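Residues per chain, in single letters:
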Amino acid sequence: MTCKKIEELLPFSAENELGAEDRRLVEAHLADCPSCRRLLDCLKQTEAGLARFPEVEASPALMARLKAIPSSEKKKARSRIRVPFFQVKPSLQPVLAGAFFLLVFTSALLFTPAGGRLLKSLDRQLHRGYSQVEKLYAKAESLADSLNSKKDEVIVTLKNVSPLRRDDSE
Amino acid sequence: MLVNAYSQKILNMAYQFTGTRAEAEDQTQEIFLKLFHSLSKYDTEKNFSAWLLTLARNHLIDAYRRTRWERKNRDDFDENLPSRAQTADNPEDALLRREEQKVLWRGLNTLPADIRLAIILKEIQGKKYEEVADILGLPLGTVKSRINRGKLQLAKLLRERQEKGDDL
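This write-up is about the structure you can find in this document. (Residues numbered from 1 in each chain as written. Chains lettered and ligands numbered in written order. Predicted model: local features only at pLDDT ≥ 70, side-chain atom pairs only at ≥ 80, totals over all residues.)

1. What to know about the overall build of chain A
The number of helices and strands found in chain A is eight helices and zero strands. Each helix (α) and strand (β) of chain A, taken in turn from the N terminus, gives the series α-α-α-α-α-α-α-α. (Helix = DSSP H or I, 4+ residues; strand = E, 2+ residues; numbered from the N terminus.)

2. Remarks on the overall build of chain B
Check the secondary structure of chain B and you find seven helices and zero strands. Moving toward the C terminus, one meets the helices and strands of chain B in the order α-α-α-α-α-α-α. For chain B, with 168 residues in total, the buried portion stands at 36%. In chain B, the share of contacts with a sequence separation of at least 24, taken over all contacts with a separation of at least 6, comes to 67%. (Buried ≥ 20, exposed ≤ 12 C-beta atoms within 10 Å, placed from the backbone. Contact = placed C-beta atoms within 7 Å.)

3. What to know about the nonpolar core
All names here are of chain B. Residues Ala 14, Ala 56 and Ala 118 are the most contacted members of the largest nonpolar core, which totals 52 residues. Counting residues per element, this core draws most heavily on helix 1 (residues 2-18), which supplies eight residues. Discounting residues that sit within four places of it in the chain, Ala 118 has contacts with Val 132, Leu 136, Val 143, Arg 146, Ile 147 and Gly 150. (Core = buried A, V, L, I, M, F, W, Y, C linked by C-beta atoms within 7 Å.)

4. Structural notes on the packing of helix 1 (residues 3-14) of chain A against helix 2 (residues 20-32) of chain A
Residues and elements named next belong to chain A. Here helix 1 crosses helix 2 at 115°, and the two axes come no closer than 10 Å. By the angle between their axes, helix 1 is roughly perpendicular relative to helix 2. For the element pair helix 1 and helix 2, the recorded crossing hand is left-handed. Across from Ile 6, Leu 9 and Ser 13 in helix 1, the residues of helix 2 making contact are Asp 22, Arg 23, Val 26 and His 29. (Axes fitted to C-alpha atoms, helices over the stretch in contact; angles between N-to-C directions. Parallel < 35°, antiparallel > 145°, perpendicular 65-115°, else oblique. Left-handed = near helix turned anticlockwise from the far one by under 90°.)

5. Notes on the interface of chain A and chain B
Listed as interface residues are 28 residues of chain A and, on the opposing side, 37 residues of chain B. With ten residues, helix 3 (residues 34-51) of chain A is the single largest residue contributor to the side of chain A that touches chain B. Residues of the side of chain A that touches chain B, tallied by class, amount to 17 nonpolar, three polar and eight charged. (Nonpolar A, V, L, I, M, F, W, Y, C, P; charged D, E, K, R; others polar.)

6. A short note on the environment of Gln 162 of chain B
Structurally, Gln 162 of chain B can be placed in helix 7 (residues 140-167). Put simply, Gln 162 of chain B and Glu 99 of chain B are 63 residues apart on the chain and 9.9 Å apart in space, counted from C-alpha to C-alpha.

7. Overview of the packing of helix 6 (residues 93-111) of chain A against helix 7 (residues 113-160) of chain A
All names here are of chain A. Contact geometry of helix 6 with helix 7 gives a least axis separation of 5 Å together with a crossing angle of 80°. When the axis of helix 6 is compared with that of helix 7, the two are roughly perpendicular. Packed against helix 6, whose contacting residues are Ala 108, Leu 109, Leu 110 and Phe 111, the element helix 7 presents Gly 115, Leu 118 and Leu 119 at the interface. Here the residues of the contact of helix 6 with helix 7 sort into six nonpolar, one polar and no charged.

8. Describing helix 2 (residues 21-38) of chain B
Residue and element names in this part refer to chain B. A rise of 1.5 Å per residue sets the reference length of helix 2, with its 18 residues, at 26 Å; its end C-alpha atoms lie 25 Å apart and thus fit the reference within 8%. Ala 24, Glu 25, Gln 27, Thr 28, Ile 31, Phe 32 and Leu 35 are the residues of helix 2 that are buried. All buried residues of helix 2 lie within an arc of 165° about the axis, which places them on one face of the element. (Expected span 1.5 Å × (residues − 1). Arc of directions from axis to C-beta.)

Without other data, these values stay purely geometric and don't point to any function.
What follows is the structure, given as structure tokens:
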């Protein structure tokens, strides 16, 4: 087995997590390879060295900054509470009141049985008016047609009774 | 109080991740700001510490992607800081260990952000694989493979350093 493949197994070997077959392969390789033996030693030293890493202490200045965060966050949270805009602009209050009542009225029309009946009757009246207008328009059209058809007859009649034509015949 | 209970843990996580004290303090402050903003979203049935570390992890990875700290150098390894597991070494061994730790400290910068964070949680902060998987929101197998890859990379740096030392 090559050093590269053994290297991949070494961390597991250091933690005794290798299966019997792999352990035998690693041990056989290590017996003949000083470089991999050294790497295994270094791996153990790495684990021990990391476990002994020193710890830093938080400085008093950092602690003061950290302890100041909760109170500054509370202040920000208070400032984030929003005042309704009609409180900021009182001049808008009549407009908003009108809009509110319009909304209530529309809702009453749309979402109550009485409002529904009223809407139906309005609809019916509207359609009735519309059909009457249509009838009047049709009558007016037929009158115009009959007047057109009579127009020629009237002209001929008028020509026949004209005094000029009588003079010509005489 | 949240600050007293968790500031040290978050600061150390940020310090080990960013490698600079100033950056770590800034990131800690931002993480706590986010914490106070997100407290209302915390599900009380979940583990608070794991939830906070997930929030910190998300913040650190996001900030890392925005600013790419790896381009900056890490602070020098501070030998004066108290070690978490002091052993009664003789002065020569202690010196060797300090040298190893310097290599590892600088080596953390060579690891990709997600692997670095997994190593920090598991190897430095001593969490179990399951806890790390929970915090990172990754399957257990992925977490194990990332941590092993990271440790192998660090071990190779250490071996390289030791081989150079032997040659000198």
